[in-house]
Amino acid sequence: MKNNPRLARKTPPVAAIPIKVIEPEDETLQLFLRFLEGERNASAHTINSYRIDILQFAELSLDCKADQKQIPWTGATVADARSFVVKLQENGVGKTSTTRKLSALRSFYRFLEREDITDQNPFSGLTSPKREKLLPKFMTVKEVDKLLGAPAAYWRERLENGVAMTEDSAELGETRDAAILEVIYSGGLRINEAMGLNMGDLDLLSDVMMIRGKGKKERYAALGAPAERALRTYFQIRAMYTSDRSKNAPVFVNKHGQRLTARSFQRNFKEYLNQAGLPSDMTPHKLRHSFATHLLDAGADLRSVQELLGHENLSTTQIYTHITTERMKRIYNAAHPRA
């Protein structure tokens, strides 16, 4: 199969690599990306990450230039693969990001072997760097309580200071964002899962919601009583901006009655952190970490937490047990007379 790329515009660098990332219309790469979408059911975010990682290898190790007509994927050697790792390290890319990039390239070359485009995978025998064991950050129960109360105080101040355009817009921001925070923490949702909720996904009578997670996998998540109350309050205000309560209508809307984007909510989230006096490096995903940590601290079993989070592998969920263990050690060392 012949490659026919047209290398064109630049895209922003990924991780810490101070280089441009080429974006060709390479036939072989496009074939692989279609495979990810069609057979692997990968999300658009995942597909784009694979594309960028593979093209970084093409530029760093295969010396691809903007005026080339094709990318010599089949000519890549083990030396090229090792060179790629070295250059990533030289550019300050972390071990986790390097491991992800190598995994993407192994998958790419396995696909090329399957399609008889190449007879070797230069990444098959390459050892990934040992992953750093970074424990996810989370909030304490008191910090979560402060955050959940922040939208009301924030929008009240904006209204009093004349920053909010109208009382209705302030009420929309307050009730909607309070509901989003409650829903994320109640169900352990990712931010995109929360923004992707449709009216038909909620069952307020049974206190559950249907979540479409990574890879379009579906799972049920719980709606606690505070989350349900917050949603009912928000729906009264939502009706002023859209009358659409059909099955596929978005739950969380902006002032135009359209689906609220994750980026828009994240901007407000930073304001809520400041309002609550919480660290500025906290993110909506930290609420998901907090959800898992607080459940395990309260005695929930690991398998149940795995299902609630939508993790495919139990090992992914087990990282939260390390958090609770570390806290137990700190408490023991600080309080036990024979520690």
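Just so we're clear, the structure is a prediction, and the values are computed from it rather than from any experiment. (Residues numbered from 1 in each chain as written. Predicted model: local features only at pLDDT ≥ 70, side-chain atom pairs only at ≥ 80, totals over all residues. Heavy atoms only, no water.)

Helix and strand content of the chain: 13 helices and 3 strands. Put simply, of all contacts in the chain between residues at least 6 apart along the chain, 61% involve residues at least 24 apart. Accessible surface, the chain: about 18400 Å² in total, of which carbon and sulfur atoms supply 49%. (Helix = DSSP H or I, 4+ residues; strand = E, 2+ residues; numbered from the N terminus. Contact = heavy atoms within 4.5 Å. Areas by Shrake-Rupley, 256 points an atom, 1.4 Å probe, with all protein chains shown as cover.)

Once that is clear, we can look at the environment of Leu273. By secondary structure assignment, the location of Leu273 is in helix 9 (residues 262-276). It is 9.6 Å that separates the C-alpha atoms of Leu273 and Pro151, two residues lying 122 residues apart in sequence. In this view, Leu273 contacts Leu147, Leu278, Pro279, Ser280 and Met282; residues no more than four positions away in its chain are not counted.

Take the packing of helix 5 (residues 141-160) against helix 10 (residues 284-297) next. Working note: a packed helix pair is described by the angle between its axes plus the distance between those axes. At a minimum axis distance of 11 Å, the contact between helix 5 and helix 10 shows a crossing angle of 140°. By the criterion of interaxial angle, the relationship of helix 5 to helix 10 is oblique. Our pair here, helix 5 against helix 10, has a crossing hand that is left-handed. Between helix 5 and helix 10, the residues in contact are Val141, Val144 and Leu147 and Leu287, Ser290 and His294, respectively. Tallied by class, the residues present in the contact of helix 5 with helix 10 amount to 4 nonpolar, 2 polar and no charged. (Axes fitted to C-alpha atoms, helices over the stretch in contact; angles between N-to-C directions. Parallel < 35°, antiparallel > 145°, perpendicular 65-115°, else oblique. Left-handed = near helix turned anticlockwise from the far one by under 90°. Nonpolar A, V, L, I, M, F, W, Y, C, P; charged D, E, K, R; others polar.)

So, about the confidence of the model for the chain. Of the residues in the chain, 86% reach a pLDDT of 70 or more, and the chain-wide mean stands at 85. Element-level pLDDT for the chain is lowest in helix 13 (residues 319-335), with a mean of 71, against a maximum mean of 97 in helix 8 (residues 225-238). Overall, residues 1-22 carries pLDDT values under 50, and its contacts beyond four positions in sequence, including any with other chains, amount to 67 contacts. (pLDDT = per-residue confidence, 0-100.)

Before going further, it helps to examine the sheet that holds strand 3 (residues 218-222). Spatially, the 3 strands line up as an open sheet ordered 1-2-3, and their pairing is antiparallel. If you trace the sheet from one side to the other, it starts and ends with strand 1 (202-203) and strand 3, each paired once. Across 2 bridges, the pairing between strand 1 and strand 2 (residues 208-212) is antiparallel. In the sheet register, Asp203 faces strand 2, and the bridge partner there is Val208. (Pairing = 2+ DSSP bridges.)

What helix 11 (residues 302-309) keeps buried is the set Leu302, Val305, Gln306 and Leu309. Along the long axis of helix 11, the arc covered by the buried residues comes to 105°, so they all point the same way. In helix 11, the exposed residues that point more than 90 degrees away from the buried face are Arg303 and Glu307. Structurally, the start of helix 11 carries an N-cap: the backbone nitrogen of Arg303 is 3.3 Å from a side-chain oxygen of Asp301. Gly310 occupies a position one or two residues after helix 11 and carries a positive phi of about 80°. (Buried < 20%, exposed > 50% of the residue type's maximum accessible area, 1.4 Å probe, protein only. Arc of directions from axis to C-beta. Polar contact = N/O pair within 3.5 Å; in protein donor to acceptor, adjacent residues only side chain to side chain.)

On to the pattern of salt bridges. In a structure, side chains of opposite charge can pair up when their charged atoms sit close to one another. Under the defined criterion, the tally for this structure stands at 11 salt bridges. Across the pair Asp281 and Lys137 runs a salt bridge, and its minimum N-O distance is 2.6 Å. Placement of the pair is Asp281 in the loop between helix 9 and helix 10 and Lys137 in the loop between helix 4 (95-114) and helix 5, with a sequence separation of 144 residues. You can call Asp281 partly exposed: its relative accessible area is 39%. Through salt bridges with shared partners, a single ionic network connects Glu39, Arg114 and Glu115. (Salt bridge = Lys/Arg side-chain N within 4 Å of Asp/Glu carboxyl O.)

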